[in-house]
Amino acid sequence: MTKVSVALYYWILVASVLLFARTMGLAENDAAIIKIIIVVTILYVGAVMITLNRGKKMVQKQRESRDTVKAGYPHHKKKKKK
């Protein structure tokens, strides 16, 4: 995920949560709205950190496996000359 997509998804999440909270009657005053935004922000930052960490590990594994395949070509057999 790029920085732009992370920020865009954050604002979409905040807007949808606030709309849901207003619809359900949870955001009656300013203090409730601030608490909701703080909780949503903490949860979103945690989810993004976990996602980015998993992505980095997956890319690292792919690079390692690609390097081992390039080094030895174990899946290619040499053709015999007749």
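Quick note: structure is the one above.
A brief report on the enclosed structure follows. Note that the structure is a prediction, hence the values are computed from the model and not measured.

## Here's the deal with the overall build of the protein chain
Here is step 1: For the protein chain, the helix and strand inventory stands at two helices and zero strands.
Here is step 2: Considering the protein chain as a whole, with its 82 residues, one finds that 15% of them fall into the buried category.

## Details of the nonpolar core
Here is step 1: In terms of nonpolar packing, the biggest core is built from ten residues, these being V6, Y10, V14, A21, A27, I33, I36, V40, Y44 and V48.
Here is step 2: Those elements giving two or more residues to this core turn out to be α1 (3–24) and α2 (30–72).

## Considering the packing of aromatic side chains
Each aromatic ring pair is described using two quantities: the centre-to-centre distance and the angle formed by the ring planes.
Here is step 1: Applying the stated rule across the entire model yields two aromatic pairs.
Here is step 2: Centre to centre, the rings of Y10 and W11 are 5.2 Å apart; their planes meet at 70°, and the pair counts as edge-to-face.
Here is step 3: Ring geometry for Y10 versus Y44: centroids 5.7 Å apart, planes at 50°, classification tilted. With Y10 in helix α1 and Y44 in helix α2, this residue pair connects regions lying 34 residues apart in the sequence. This pair shows no difference in class: Y10 is buried, exactly as Y44 is.
Here is step 4: Put simply, the rings of Y10, W11 and Y44 touch in pairs and so form one group of aromatic residues.

How each quantity is defined
- Residues numbered from 1 in each chain as written.
- Predicted model: local features only at pLDDT ≥ 70, side-chain atom pairs only at ≥ 80, totals over all residues.
- Heavy atoms only, no water.
- Helix = DSSP H or I, 4+ residues; strand = E, 2+ residues; numbered from the N terminus.
- Buried < 20%, exposed > 50% of the residue type's maximum accessible area, 1.4 Å probe, protein only.
- Core = buried A, V, L, I, M, F, W, Y, C linked by side-chain atoms within 4.5 Å.
- Phe/Tyr/Trp six-rings, centres within 6.5 Å; stacked < 30°, edge-to-face > 60°.

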